[in-house]
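# A closer look at the structure
Single-letter residue listing:
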2 protein chains.
Amino acid sequence: MIEYPLLLEKFQTLLKENALKFTKQRELVLKFLYENNGHFTPEDIYTLLKEQHPDVNIGIATVYRTLALLETSEIASSISFGVQGKKYELGLKKHHDHLICTKCGNIIEFYDEIIEERQEEIAKKFNFQMTDHTMKITGLCEKCQ
Amino acid sequence: MIEYPLLLEKFQTLLKENALKFTKQRELVLKFLYENNGHFTPEDIYTLLKEQHPDVNIGIATVYRTLALLETSEIASSISFGVQGKKYELGLKKHHDHLICTKCGNIIEFYDEIIEERQEEIAKKFNFQMTDHTMKITGLCEKCQ
DNA sequence: GTATATGCAAAGCGTTTGCAAATAC
DNA sequence: GTATTTGCAAACGCTTTGCATATAC
């Protein structure tokens, strides 16, 4: 896993390159994702940040804006839950897919080389230029059965 | 592919079994999905039905309610597009996954036995009781590259 | 000093719901 | 006749946006 100072530097370089400013709020969101390994809604992040940093003023709009920025910069990634919104995680890890428990909401990550290969082959077969792919397995986790 | 009268009968039986009523609106939605092979948003279906049947009064709430009914009855299925909502299709076909063009919105269906098998194995490995799984490959279709 | 970023509140959008009227059975 | 379904409009929840103020540079 990348060290935080390196991640921060990467983020700052990216901001500079795009003439964007390095702000307390942007750093807080980045740091939050780094320190809290897991999947969070914008609302989660907003609430926890306000709790953990009562001194810093942060609005939910900024959390949304920062997450969008981090996602297009490929520093964060998200999984969609339909009407219920999205959950974000630090996106620097190796590509992976998700098992999602419909009862407790827990998310398990996995990576499968064979599936990855098949996806490439399928895209090729349809002359499709793949830019992304997601796979979600939903059901009941071990604890919830 | 199933013949329409058979599908209709299946639907009517299902309604009867659950003490639900067979209405013009419900039939129209079913027929729409049968006749229009493809993937449609509730809005699409609502608009096209109003156009094609100016004599019948139908509200968008009824379209939503009927699609939900068809989906839980496994007559229709949906793919989620995050904030942009869901698209529905007749769900009686064999299970399949989707290639989605981010430019023209076109959706290609595919089925891959190896991927299906791997999914089963992954669920087993995590002691996960799989109830559903979806896979989406996004990118550019042949025409849009 | 200037341009960008922010918080706030209002608006947006797909979806759901309460309710009185309409309809299937 | 009675229970379910409907259309309508209002409410909903997540997300985005306009704008005046604050802040990074």
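Residues numbered from 1 in each chain as written. Chains lettered and ligands numbered in written order. Predicted model: local features only at pLDDT ≥ 70, side-chain atom pairs only at ≥ 80, totals over all residues. Heavy atoms only, no water.

## Topic: the pattern of salt bridges
We apply this condition: A pair is scored as a salt bridge if a Lys or Arg side-chain nitrogen falls within 4 Å of a carboxyl oxygen belonging to Asp or Glu. In this text, helices come from DSSP runs of H or I with a minimum length of four residues, and strands from runs of E with a minimum of two, each type numbered from the N-terminal end. Residue exposure (1.4 Å probe, protein chains only): buried if accessible area is under 20% of the type maximum, exposed if over 50%, otherwise partly exposed.
All chains considered together, the criterion is met by six salt bridges over all chains. In this structure, the salt-bridge partner of B:Arg118 is A:Asp112, at a minimum N-O distance of 2.4 Å. Here B:Arg118, found in helix α5 (residues 113–125), pairs with A:Asp112, found in the loop between β4 (107–110) and α5 (113–125), and the two come from separate chains. Comparing B:Arg118 with A:Asp112 shows no difference in burial state: the two are buried.

## Observations concerning the protein's contact with DNA strand D
Using the following cut-off: We call a residue near a molecule or strand when any one of its heavy atoms sits within 4 Å of it. Distance and chemistry together define a polar contact, namely a pair of N or O atoms within 3.5 Å, with one atom able to donate a hydrogen and the other to accept it when in protein, and with adjacent residues in sequence counting only for side-chain atoms on both sides. Residue classes follow a fixed rule: Ala, Val, Leu, Ile, Met, Phe, Trp, Tyr, Cys and Pro count as nonpolar, while Asp, Glu, Lys and Arg count as charged, and any other residue, Gly among them, counts as polar.
In the vicinity of DNA strand D lie 22 residues, with A:Tyr64, B:Arg26, B:Asn57, B:Ile58 and B:Thr62 positioned nearest. Considering the 4 Å shell around the protein, atoms of DNA strand D inside it are sugar or phosphate in 73% of instances. Residue A:Lys21 places a side-chain N or O atom 3.1 Å away from a base nitrogen belonging to DNA strand D. Secondary-structure elements contributing two or more residues to the surface near DNA strand D are α4 (60–72) of chain A together with α2 (24–35) and α4 (60–72) of chain B. Broken down by class, the residue content of the surface near DNA strand D amounts to nine nonpolar, six polar and seven charged.

## Regarding the interface of chain A and chain B
Spelled out, the test is: By definition in these notes, contact holds between two residues if any of their heavy atoms fall within 4.5 Å. Note on definitions: buried area is the accessible-area loss of two parts on being combined, 1.4 Å probe, summed for both.
Contacts between the two partners involve 32 residues from chain A and, on the opposite side, 32 residues from chain B. Roughly 3,000 Å² of surface becomes buried between chain A and chain B when both sides are summed, with 63% attributable to carbon and sulfur atoms. Between the two partners, chain A and chain B, sit two salt bridges. Between the two partners, chain A and chain B, sit 14 residue pairs in polar contact (both at pLDDT 80 or more).

## Overview of the domain arrangement of chain A
Residue and element names in this part refer to chain A. Cut-off, in case you're wondering: Delimitation of the domains relies on an automatic or database domain assignment.
In terms of domain boundaries, chain A breaks down into domain 1 (4–90) and domain 2 (97–139). Taking only C-alpha atoms, the centre of domain 1 and the centre of domain 2 are 24 Å apart. Listed per partner, the contact involves six residues of domain 1 and six residues of domain 2. Roughly 490 Å² is buried in total at the junction of domain 1 and domain 2, and carbon and sulfur atoms are behind 60% of that figure. If you sort the residues of domain 1 by the area they bury against domain 2, His-39, Ile-79 and Phe-81 come out on top, with a joint share of 67%. On the surface where domain 1 and domain 2 come into contact, there are zero salt bridges. At the level of secondary structure, the elements contributing two or more residues to the side of domain 1 that touches domain 2 comprise β1 (76–80) and β2 (86–90). Partitioned by chemical class, the residues of the side of domain 1 that touches domain 2 number two nonpolar, two polar and two charged.

## Side note on the packing of aromatic side chains
Note the cut-off: Here is the rule: rings of Phe, Tyr and Trp (six-membered ring for Trp) pair when centre to centre is within 6.5 Å. Planes less than 30 degrees apart are stacked, more than 60 are edge-to-face, and the remainder are tilted. By definition, being over a ring means that NZ of Lys or CZ of Arg is both within 6 Å of the ring centre and within 35 degrees of the ring normal.
A full pass over the atoms with the stated rule returns four aromatic pairs over all chains. Geometrically, the ring pair formed by B:Phe32 and B:Phe40 is edge-to-face, given 5.0 Å between the ring centres and 75° between the ring planes. The pair formed by B:Phe32 and B:Phe40 is uniform in burial state, with each residue classed as buried. Note that A:Lys87 overlies the ring of A:Phe81, its terminal NZ or CZ placed 5.3 Å from the centroid.

## Examining the relation of the copies chain A and chain B
Comparison of the two chain copies shows a relationship of rotation about an axis with a shift along it. Put simply, the test is: Least squares is used to superpose the copies, and the fit set is the C-alpha atoms of residues whose pLDDT is at least 70 in both copies.
Expressed as a screw transformation, the operator carrying chain A onto chain B has a rotation angle of 179° and an axial translation of 0.0 Å, and the superposed copies differ by an RMSD of 0.2 Å. On the angle and the small slide along the axis, the relation comes out as a two-fold axis. No C-alpha of chain A lies nearer the rotation axis than that of A:Met135, which sits 2.1 Å from it. A share of 100% of the interface residues of chain A reappears at the interface of chain B, consistent with the copies meeting face to face through the same patch.

## Side note on α4(A)
Because the α-helix completes a turn every 3.6 residues, residues three or four places apart line up on one side. All names here are of chain A. Stated precisely, the cut-off is as follows: A helix is expected to span 1.5 Å for every residue after the first. The directions considered for the arc are those from the helix axis to the C-beta atoms.
Over its 13 residues, α4 extends 19 Å from the first C-alpha to the last, a length consistent with the 18 Å expected when each residue adds 1.5 Å. Of all the positions in α4, only Val-63, Thr-66, Leu-67, Leu-69 and Leu-70 are classed as buried. Viewed along the axis of α4, the buried residues span an arc of 160°, placing them on a single side of the element. Within α4, the exposed residues directed more than 90 degrees away from the buried face are Arg-65 and Thr-72. Where α4 is buried, its residues meet α1 (4–17), α2 (24–35), α3 (42–52), β1 and β2. Positioned one or two residues after α4, Glu-74 has a phi angle of 60°, which is positive.

## Here's the deal with the protein's contact with DNA strand C
In the vicinity of DNA strand C, 22 residues are found, and the nearest of them are A:Arg26, A:Asn57, A:Ile58, A:Thr62 and B:Tyr64. Sugar and phosphate atoms represent 75% of those atoms of DNA strand C found within 4 Å of the protein. In this structure, A:Thr23 approaches DNA strand C through a side-chain N or O atom, which is 2.7 Å from a phosphate oxygen. One nitrogen or oxygen atom from the main chain of A:Gly59 is found 2.9 Å from a phosphate oxygen belonging to DNA strand C. Those elements giving two or more residues to the surface near DNA strand C turn out to be α2 and α4 of chain A together with α4 of chain B. Grouping the constituent residues of the surface near DNA strand C by class yields nine nonpolar, six polar and seven charged.

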